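# Structural overview
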Amino acid sequence: MPRARADADDATRAKPKGKAKGAPRAIELPPEPAPARWVDGALVVGFLALTFLLGVFPQRDMDIWWHLRTGDLIRQGHGIPEHDLYTFTVPDHPWIDLHWGFEVAASWAFAHGGMRTLQLAKCAITCLAVFLLITARRRDWPLWAMLTAWLPALVLLGGRMYVRPETVTLLFLAAFLAVLVRWERFPKLAYALPAIQMLWVNTQGLFVLGPIVLALAMIDAALRPGAFARARTAWWRAVAPASVLTLVACFLNPYAIEGVLFPVQLATTMRSPVFSNSIAELEPIPQFIARNGLNHPMLLLHLGVMALGALSFLVPLLWQGFTSLREPPDVGKKKKGGPMPWRVRPFRLLLFAAFSALSLQATRNSHQFAAVVGAVTAWNLGEWAATARGRRLASGAKDASGLPPRLIALALIAATIAAISSGAWYAVAGEGRTVGLGEDPLWQPHAAARFAGKEGMPDRAVGFHLGMAALYEFYHGPDRKVFADPRLEVMGPELYEHYNELGRRLGSDAPGWAEELDALGRPALLIDHETGFLMEGTLLAGTRWRCVYWDPAASVFLHESSLAAADVVPVDFLVRHFRPDPGTEPHGLRALLAESKALARLVEARPALARALAPLGIDHARRVLRNDPDSTDGWKDLGRLLAAGEPAHGLRPSPRMGGGPAEPLDATAPRFRLPFDPVFDLTPARVTFAFRRALDRSPGDPIALLSLADAYLARRMDEAALPFLERLADSSPSDPRQAAARELASYNLGLVRGRLGPAPKPVEHPNLSALDKALDELLERGRAASAADLIEREYPPKARPWPLADRLATLRLHLGEPDRARAAWQAATAPRPALRAARVAATYLAEDDLDRARASYREALAAEPDLFEALYGLAVVEHAAGRAADTLDAARRAESHAPGPFARDAARALARDATPYVSKAIDPSSGE
């Protein structure tokens, strides 16, 4: 029976020359049957397929662009950089670019295949790294145990599988570990380490991990029993020179000693709280937990991997002690080659401790942490499973290993592949990833970056998202310069703080930002919608800066003094609404949603911009819903834009997650208790319906919950708001904004419960006077739904007089139930058929059915041509439909028949919106 291969990291399992006779040997295990070996092969293939799949997502990380531009410059003969090339703020700052090897290779690959080639190369490199780690094992360690233990770490590792130099670092780190766990048996393998180290030091600053891991392995070797005995001399003679050469290899970089010391400089720079407090990937995990709690799925996975790694030491130790107490003294020792006891390997323990500590320093370190701790966990549990099997065989028990555990492991891998490929895991993780190659266009605003550096534009730019600066550098550097970019070690904490402070002052419209931009030479401003909407709001709100480019991902602003030289005109958002141009229209549902969301954030933050910006956002949300009526985000964005888009409706600006600051419940107008008024009530009805539809499709959506509760509270509809406040108060927030929303909901919940008081007593068979009294009491307490239910219960449709039917329908419309409101109005006998037709039209408008609303308003006007309610409603419909001439006609007629000054002003505002866009002389392309 053949003896299994000696443990690669355990000298006591090897049998070097001169070893004492009778020394313990590894137990001779029977060979696995052929079916088991085939399943083992399937396990490896499946595990590597999962690794590849985890890297197949559209590229979002934008650091790659400055890397590619630098690689292009090096390949063009400009040499490896020594001083900053890209900024106008620190142009002479020393730049130690140890990434140059990665940059050259990435530049070549991108030139020959684009981002897809880089993505495939990233996946292939990661698969090779994982293959090296999972094959660094004894043959008797069961693969099913090792790969099952590896699974959580692999999923965590997939969270950082970007096209970045750290991908190559992962390969070099895996190569180091693969050598170090084998060098007891094959010490000459150590001579591969200097070559690996030389490549590593010319790829990324994390090359320092090589000497660190080597030092941990040397400590382990020195701690072994008989480490410096004569029998070990040959081993040390092979390993020691290789280790010295590995250290020497660190100096083989273009910067010599400065390059070797670069990791120390980088660590010192990155330790600044200026970075860790504002850059997510540099935030220490304890700080992340203090700020966000423990509900983030990726954080829980990270902590779970760490806990599993710790248990992989603890559980086998406890098992070892327990089985040693139970077994007879001679079990396993009757035959030569009895089972060896499981024990803690210092090298593995040191690796686990070092990389766990490293991972706590910054969330970006999860990549290396997952690789090392995943490997350590697999080694520990694989060795434990082999030891347990050896003990069973030594005691004469039947071998229980075989297909079942392998098939279970294969099923787990297959289930993980299914969860990734279906998007189920990404939905749980909340990262917005999808399976695919190439780039995520909504994260890579190429068109905006190209536009910002086109001929005539300023030769300086500020990218208010460092990734925007990297993309600008890719297209225009180093001839055109940026204020700051993602190379934090070049920028330093002082300049980064200055950059952040400028963004904060601009976003809050604090004094001094305009003078600061003047002093910088009035550069072009590139702003990312996701993080820069407050800055966009300031610049759009009547400053001397003009938006000259806008797409679903980003915007570009120029000072008005630069417009002529750049030959550009400001963007007119209402032109895009009333006269849409295919050249500026978003293409695809994701792009439509991205732009509607960007405009919603803007108008929530700056309500004064709503009339100019909200109609375009509503157009995009409506187009989304035409293509996907069940889109939660489409209904949600429609509601948000409507809520802010018409100042006449009386709703206060909503405290939105990502919008303005949250404020407690304040004084509001109980519109639901008053007769229907189209000027005041059309928009709240549309807003309420939109958010109810969003919640029908996604009942736990925190923004929809908060928005609908806010819409009810704005009209003192406390009973309707109550269940949504309760759901918010009971929610588990996953970020600070959701935590703030829960806190606000909890505060308002107490106020609402106090105002509602006890549940109303049943009212049985009241007369009209008693019913009016009961209704008034319910409405006074904000119980609109109870009041509507009472009317419906006591007065069937045929017995319901018009005033009561009108009151019921108005309540239902405010509650966000336009279908029930329509049924109530249609069933009643109206003294004026035109009025009923106009009210029915309002229910269609609330449902965003513009065609039916238009038809009903025209029906009303056919009966009463001067009916203000129908004229105003028709103007709202035509405005929403982007028909400028029809809007102007209906609005002017409504203005002339307005019942009061407020109604007249509302109609006049609609006419004012449409007037500039009625003339045929307008060029649709003038919006660019």
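Residues numbered from 1 in each chain as written. Predicted model: local features only at pLDDT ≥ 70, side-chain atom pairs only at ≥ 80, totals over all residues. Heavy atoms only, no water.

Here we come to the overall build of the protein. Scanning the protein from N- to C-terminus turns up 39 helices and 5 strands. Looking at the protein as a whole, 57% of its 928 residues qualify as buried. Here the contacts in the protein between residues at least 6 apart in sequence split such that 73% fall between residues at least 24 apart. As presented, the protein carries roughly 37500 Å² of accessible surface, and 60% of it is formed by carbon and sulfur atoms. (Helix = DSSP H or I, 4+ residues; strand = E, 2+ residues; numbered from the N terminus. Buried < 20%, exposed > 50% of the residue type's maximum accessible area, 1.4 Å probe, protein only. Contact = heavy atoms within 4.5 Å. Areas by Shrake-Rupley, 256 points an atom, 1.4 Å probe, with all protein chains shown as cover.)

Per the stated rule, a full pass over the model turns up 28 aromatic pairs. Aromatic side chains Phe228 and Trp236 sit 5.2 Å apart centroid to centroid with 10 degrees between the ring planes, which places their arrangement in the stacked category. When its relative accessible area of 62% is taken as the criterion, Phe228 is described as exposed. Look at Trp550 and Phe573: their rings are 5.2 Å apart centre to centre, the planes differ by 85 degrees, and that puts the pair in the edge-to-face class. Here Trp550, found in strand S4 (residues 545-550), pairs with Phe573, found in helix H23 (residues 573-578); they are 23 residues apart in sequence, far enough to count as distant. Grouping aromatic residues by their ring pairs yields a cluster made of Phe88, Phe275, Phe464, Phe483, Tyr496 and Tyr499. Just above the ring of Phe57 sits the side chain of Arg433; from NZ or CZ to the centre is 3.7 Å. Across the ring face of Phe451, the terminal group of Lys454 is positioned such that the distance to the ring centre comes to 5.6 Å. (Phe/Tyr/Trp six-rings, centres within 6.5 Å; stacked < 30°, edge-to-face > 60°. Lys NZ or Arg CZ within 6 Å of the ring centre and 35° of its normal.)

A few words now on the packing of helix H37 (residues 868-881) against helix H39 (residues 901-914). Closest axis-to-axis distance for the H37/H39 pair is 11 Å, and the angle between their directions is 30 degrees. If you check the angle between H37 and H39, you find them roughly parallel. Between H37 and H39 the crossing geometry is left-handed. For the pair formed by H37 and H39, the contact residues are Phe868, Tyr872, Ala875, Val876 and His879 on the first element and Ala903, Ala906, Ala907, Leu910 and Asp913 on the second. Taken together, the residues of the contact of H37 with H39 break down into 8 nonpolar, 1 polar and 1 charged. (Axes fitted to C-alpha atoms, helices over the stretch in contact; angles between N-to-C directions. Parallel < 35°, antiparallel > 145°, perpendicular 65-115°, else oblique. Left-handed = near helix turned anticlockwise from the far one by under 90°. Nonpolar A, V, L, I, M, F, W, Y, C, P; charged D, E, K, R; others polar.)

This paragraph deals with H37. Given a rise of 1.5 Å per residue, 14 residues ought to cover 20 Å, and the 20 Å separating the end C-alpha atoms of H37 matches this to within 8%. At the exit of H37 stands Gly882, carrying a positive phi of roughly 80 degrees. (Expected span 1.5 Å × (residues − 1).)

Attention shifts here to the pattern of salt bridges. Applying the stated criterion across every chain yields a total of 63 salt bridges. Here Glu501 and Arg504 are joined by a salt bridge, their closest N and O atoms 3.0 Å apart. A residue pair is termed a helical-turn pair when its members lie 3 or 4 positions apart in one helix, as Glu501 and Arg504 do in helix H19 (residues 488-508) at 3 residues. Given the relative accessible area of 31%, Glu501 is considered partly exposed. (Salt bridge = Lys/Arg side-chain N within 4 Å of Asp/Glu carboxyl O.)

The terminal C-alpha atoms of helix H9 (residues 257-270), which comprises 14 residues, lie 20 Å apart, in line with the 20 Å expected from a rise of 1.5 Å per residue. Most pronounced at Pro263, the bend in H9 amounts to some 35 degrees. Within H9, the full set of buried residues consists of Gly259, Val260, Phe262, Pro263, Thr269 and Met270. (Bend = angle between axes of the 7 residues up to and from the residue.)

Time to look at the pairing of strand S1 (residues 460-464). Judged by how many residues are buried, S1 sits mostly within the fold: 4 of 5 residues are covered. Bridging between S1 and strand S2 (residues 481-482) involves 2 bridges; their strand directions are parallel. Its bridge partner lying in S2, Arg460 is registered against Lys481. Running through helix H18 (residues 466-476), the crossover from S1 to the neighbouring parallel element S2 is right-handed. Here S1 runs beside strand S3 (residues 524-528); their pairing, made up of 4 bridges, is parallel. Along S3, the bridge assignment pairs Ala461 with Ala524. (Pairing = 2+ DSSP bridges. Right-handed = clockwise from strand over helix to strand, strands pointing away.)

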